[in-house]
Amino acid sequence: MGAIARRESGWPFPDLLELLESPMMGLRSSAELIRIEDYVDRDRDRYVVRAELPGIDPDKDVDITLTNGVLEIRAQKTQETRERHRSEFHYGALYRSLMLPPGVREDDVQAMYKDGVLEVSVGLETEQRAEGRKIPIQRQAEEERSETETGQ
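Since this is a predicted model, take the numbers as computed values, not measurements. (Residues numbered from 1 in each chain as written. Predicted model: local features only at pLDDT ≥ 70, side-chain atom pairs only at ≥ 80, totals over all residues. Heavy atoms only, no water.)

Asker: I'm lost on the sheet that holds strand β7 (residues 104-114) in this one. Help?
Answerer: Remark on secondary structure: sheet strands pair via backbone hydrogen bonds, oriented parallel or antiparallel. If you trace the 4 strands from one edge of the open sheet to the other, you get β2-β3-β8-β7, paired in antiparallel fashion. Two strands bound the open sheet, and with one partner strand each, they are β2 (36-41) and β7. Here the strands of the sheet are splayed against their neighbours by 20° on average, with no regard to which way each runs. Where β7 and strand β8 (residues 117-124) come together, 8 bridges link them in antiparallel fashion. Bridge pairing in β8 links glutamine 110 to serine 121. (Pairing = 2+ DSSP bridges. Helix = DSSP H or I, 4+ residues; strand = E, 2+ residues; numbered from the N terminus. Axes fitted to C-alpha atoms, helices over the stretch in contact; angles between N-to-C directions.)

Following this line, the structure appears as structure tokens:
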């Protein structure tokens, strides 16, 4: 497994940002946030997102979309417990979206569900792109500088 790389959001406290997006703060819908971890697996050249979704049927209750570099995971949980003289049920919507890093191949996405964990992996470009190019600095010739200073 590759090294875990936390994406820099520019926000000094990324966990605080997740708290502000929680339903209790009123900035999001009533859907609960799905807990995730994300990392780059250099061995397989893939960006991996793992989401906690215990007790979910991935065939019926999970929807994954990838649009313009944004991965969205939506799930519906339903749990019912029946005992002799009582029954109890829990249900609700789960949601998470995250911006994928530059260099992912949106046409190469795989998803697997095992032991309550959904793993979505996206292929990475294997070709290294240049971060930028160096700009050479030209020097003004000595005689041009003296003409400019004297005003001729």
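Asker: Would you mind going over the side chain of serine 121 with me for this structure?
Answerer: Its place among the elements puts serine 121 in strand β8. When its relative accessible area of 3% is taken as the criterion, serine 121 is described as buried. Other than its neighbours up to four places away in sequence, serine 121 contacts Arg44, Arg46, Tyr47, Val48, Asp108, Val109 and Gln110. (Buried < 20%, exposed > 50% of the residue type's maximum accessible area, 1.4 Å probe, protein only. Contact = heavy atoms within 4.5 Å.)

Asker: Looking at this structure, I do not really get the pattern of salt bridges. What am I missing?
Answerer: Working definition: two side chains of opposite charge can pair if their charged atoms are close together. As enumerated under the stated definition, the model contains 11 salt bridges in all. Two residues, arginine 50 and glutamate 119, come together in a salt bridge whose shortest N-O distance is 4.0 Å. Of this pair, arginine 50 sits in strand β3 (residues 46-52) while glutamate 119 is found in strand β8, placing the two residues 69 residues apart along the sequence. Across the pair glutamate 72 and arginine 74 runs a salt bridge, and its minimum N-O distance is 3.6 Å. Using a relative accessible area of 40% as the deciding quantity, one classes arginine 74 as partly exposed. Within the structure, one salt-bridge network assembled from shared partners comprises Glu37, Asp41, Arg44, Arg50 and Glu119. (Salt bridge = Lys/Arg side-chain N within 4 Å of Asp/Glu carboxyl O.)

Asker: Explanation requested: the side chain of aspartate 108 in the structure shown.
Answerer: Among the secondary structure elements, aspartate 108 is positioned in strand β7. Setting aside chain neighbours within four positions, we find aspartate 108 in contact with Arg46, Ser121, Val122 and Gly123.

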